[in-house]
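# What the coordinates show
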Amino acid sequence: MKSIFKIFAVVVILTTLTAQSAMAGNDERRGTCGAAELLINPWARSTGWGGVNVANARGLDATFVNIAGLAFVNNIEVAYTNTILYGGKKGLSSGAIINSFGLGIRVFESGVLGVYIFSAGFGQLDVTTEGSPEAGDNGTFSPSYMNINVSYAHSFTNTIHGGATVKMITETTDNVSGSGFAIDAGIQYVTGENDELKFGISLKNWGPAMSFGGTGHSLTMTNHAGNNFTVETRAAEIELPTCLNIGLSYDFLFDKWDQRLTLAAAFTSNAFLRDNYTLGLEYSLLKMFQLRAGYVIQPGLWTNDAATANTGICGGVSVDIPLSKKDSNTGITLDYSYRTASPLKGTHSIGATMRF
């Protein structure tokens, strides 16, 4: 009963503090935010069940869904994931590839420092202008997104863990660029005889509006006297895609072959998109093999009116390879996930994590 009261207290306090920021959206604001890449989960492990692991994400995999889970890094953790977004070159007019790199280091007995980089490229796109609208006549350009995230997570007790992230946002084309920063914060609560019940809540992408500048905002014209002059327009500021995640998970543990079956559910309140509900299931065998699946539900999903592509069914698999018989926390994990993206082609992610 005391554990239930503690969970309820955490929910009430954090929801009260963050609801005003994270739930400020309305139907008129849908799709009007910028830096939408901040809503793309770059990690193969958590995307295998739709990012439903807000309550039980662990290590660098937690840096997207709930930074509090970074506190579970044992010593040093290094991760890399490559994501082919919406089928890459086969699904879009140009390739859309995301690379994510992460490093987590335990710097205090109860504290972990983490850094991860999100880098997205879209291949070569044709330059078109008002005077020359045909593709191929003006060369190409390569837009890119990069987010640098610095995080710290702390274990306050054996049951309560929290963390925060500061992220620098950069978006560039050949003649226009923009930058900004945002903050993530999260907390996880663990209880039960074998830590089987977990609760998590996180606030993501809270920060000031960002704007763009560059020569792409200028236009050179000729007046009636034949003189050239340049007109520069100011770009309007755009707000960041703030969202609030609330998740719950429960582990069913079986002694035979060290099996575990985890049920998880999560709710995401988006300030500029429709809210998401996610259900997930993960099966683990011998702490070496994990198979997971999830279903991301959004209003309009079943009527082909969903506002985002990566909704519906997703699945993934992980293989943990131990490197030491004496230390079970040392090893390599290989992860793969697939997310449906109707009406686009699906999204594939493959990654590896090394633990020292």
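Scroll up for the structure.
Reference entry: report on the structure contained in this document. (Residues numbered from 1 in each chain as written. Predicted model: local features only at pLDDT ≥ 70, side-chain atom pairs only at ≥ 80, totals over all residues. Heavy atoms only, no water.)

## Quick notes on the overall build of the protein chain
Here is the rule we go by: Each helix is a run of H or I in the DSSP string that is no shorter than four residues. Each strand is a run of E no shorter than two, and both are numbered from the N terminus. Note on exposure labels: buried denotes an accessible area under 20% of the residue type's maximum, exposed denotes more than 50%, and partly exposed covers the range between, all computed with a 1.4 Å probe on protein chains only.
Counting secondary structure elements, the protein chain contains three helices and 19 strands. Out of the 356 residues in the protein chain, the part that is buried amounts to 42%.

## Details of the layout of surface pockets
Our working rule: Cavity and pocket criteria rest on a 1 Å grid covering protein atoms alone: a 1.4 Å probe that fits but cannot get out defines a cavity, protein on both sides within 12 Å along at least 5 of 7 lines defines an open pocket, and an atom within 4 Å of a point defines a lining residue. Grid points are joined across faces, edges and corners, and a volume is the space filled by probe spheres set on the points.
The calculated volume of the second largest pocket comes to roughly 930 Å³. Lining the second largest pocket are 45 residues; nearest its centre among them are Leu39, Ile40, Asn41, Thr308 and Asn310. If you list the elements that add at least two residues to the lining of the second largest pocket, you get α3 (62-65), β2 (97-106), β3 (111-121), β13 (243-254), β14 (259-270), β15 (276-285), β17 (312-322) and β18 (331-341).

## Points about the packing of aromatic side chains
Definition in use: For Phe, Tyr and Trp, rings pair up if their centres lie within 6.5 Å, where Trp contributes its six-membered ring, and each pair is then called stacked (planes under 30 degrees apart), edge-to-face (over 60) or tilted (otherwise).
Taken as a whole, this structure holds six aromatic pairs when the rule is applied. Ring geometry for phenylalanine 267 and tyrosine 277: centres 5.1 Å apart, planes at 40 degrees, overall tilted. In this pair, phenylalanine 267 is assigned in strand β14 and tyrosine 277 in strand β15, connecting sequence segments ten residues apart. Accessibility expressed as a relative area gives 22% for phenylalanine 267, which makes it partly exposed. For tyrosine 277, a relative accessible area of 43% gives the class partly exposed.

## What about the pattern of salt bridges?
Rules: Between Lys or Arg on one side and Asp or Glu on the other, a salt bridge is scored when a side-chain nitrogen of the former is within 4 Å of a carboxyl oxygen of the latter.
As enumerated under the stated definition, the model contains seven salt bridges in all. In this structure, the salt-bridge partner of aspartate 258 is lysine 287, at a minimum N-O distance of 4.0 Å. Here the residue aspartate 258 occupies a position in the loop between β13 and β14, and lysine 287 occupies one in the loop between β15 and β16 (289-297), the gap between them amounting to 29 residues. The exposure class of aspartate 258 is partly exposed, given its relative accessible area of 36%. In this structure, a network of salt bridges that share partners links the residues Lys167, Asp184 and Lys204.

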